Amino acid sequence: SYFWTAYKYDYNSDAKMLKMNNTMIETGTAVINTPRIELPASPAYEFTFEYSHRASRGAMIVKVSEDGGANWTDLGSYTNETGQTAGVPAAELKEASIDLTSYAGKTIMLQFYAMADYGNGAIFVDNVAVRVKSNCLLPKNVTVSSVTDHTASVAWTEKGEATAWKLQTSTDGENWGEEIDANT
């Protein structure tokens, strides 16, 4: 059978992503489930991730369960649109977002399900998150440089059409500082 592994795609760092091999092995499936997630009744949430489907056969399906994994409902299907089955996809990941509004106030599990049939290539998944749904697009390629005790330079690639932003800082990921307007 198939299985998901942690794939280290950058040997100069500890960066890893999920990978499901699809390399000349018998027909099989690979699943990876999240733990149970309790979604509050409000605000609305979404499931986001990045992926690269480089398997020559089969689809990756995202599923949801409301009963602890006894039954699963398909939320989305992702296939190889490019025909490419080789190479490291880190710079070519596609973004996906699934609205979880209809699951507000419920406890759910999410699943990546992949099936293959003697194919080539692999399926990659990275940056998986359940987050408050927002109209704002998250930036890509965020870098921080010139860090001092009181200043830092932050750069990113804008994915939408924004021309002004609000930034917040945190040293621990939980306690956030005051919003800072950023217009350049």
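In what follows, the structure referred to is the one given above.
Just so we're clear, the structure is a prediction, and the values are computed from it rather than from any experiment. (Residues numbered from 1 in each chain as written. Predicted model: local features only at pLDDT ≥ 70, side-chain atom pairs only at ≥ 80, totals over all residues. Heavy atoms only, no water.)

## Observations concerning the pairing of strand β5 (residues 45–53)
Item 1. A large share of β5 lies buried, amounting to 9 of its 9 residues.
Item 2. One ladder, built from 8 bridges, connects β5 with strand β10 (residues 122–132); its direction is antiparallel. When the bridges of β10 are listed, Tyr51 appears paired with Val125.
Item 3. Examined bridge by bridge, β5 and strand β8 (residues 94–99) share 6 bridges and lie antiparallel to one another. From the neighbouring strand, Thr48 faces β8, where its bridge partner is Ser97. (Buried < 20%, exposed > 50% of the residue type's maximum accessible area, 1.4 Å probe, protein only. Helix = DSSP H or I, 4+ residues; strand = E, 2+ residues; numbered from the N terminus. Pairing = 2+ DSSP bridges.)

## A short note on the pattern of salt bridges
Item 1. Inspection of every chain in the model, using the stated rule, returns 4 salt bridges.
Item 2. Taking the shortest distance from any N to any O, the salt bridge between Asp74 and Lys63 comes out at 3.7 Å. Highlighted residues: Asp74 in strand β7 (residues 73–78) and Lys63 in strand β6 (residues 60–65), separated in sequence by 11 residues.
Item 3. Note that Asp99 and Lys133 form a salt bridge whose closest N and O atoms lie 2.7 Å from each other. One end of the pair, Asp99, is in strand β8; the other, Lys133, is in the loop between β10 and β11 (140–145), and 34 residues separate them in sequence. (Salt bridge = Lys/Arg side-chain N within 4 Å of Asp/Glu carboxyl O.)

## Some remarks on a nonpolar patch on the surface
Item 1. A cluster of nonpolar side chains, namely Val142, Val144, Val147 and Val154, defines an oily patch on the protein surface of about 350 Å² accessible area.
Item 2. Looking at where Val154 falls in the secondary structure, it is placed in strand β12 (residues 153–157). (Patch = residues over 30% accessible without salt bridge, like charges linked within 9 Å, V, L, I, M, F, W, Y side chains within 5 Å. Areas by Shrake-Rupley, 256 points an atom, 1.4 Å probe, with all protein chains shown as cover.)

## A short note on the environment of Thr107
Item 1. Its place among the elements puts Thr107 in strand β9 (residues 107–116).
Item 2. By relative accessible area, which is 34% here, Thr107 ends up partly exposed.
Item 3. Here the alpha-carbon distance between Thr107 and Ser65, two residues 42 residues apart in the chain, equals 8.6 Å.
Item 4. Not counting residues up to four positions away in its chain, the partners in contact with Thr107 are Arg36, Ile37, Glu38, Ser65 and Glu66. (Contact = heavy atoms within 4.5 Å.)

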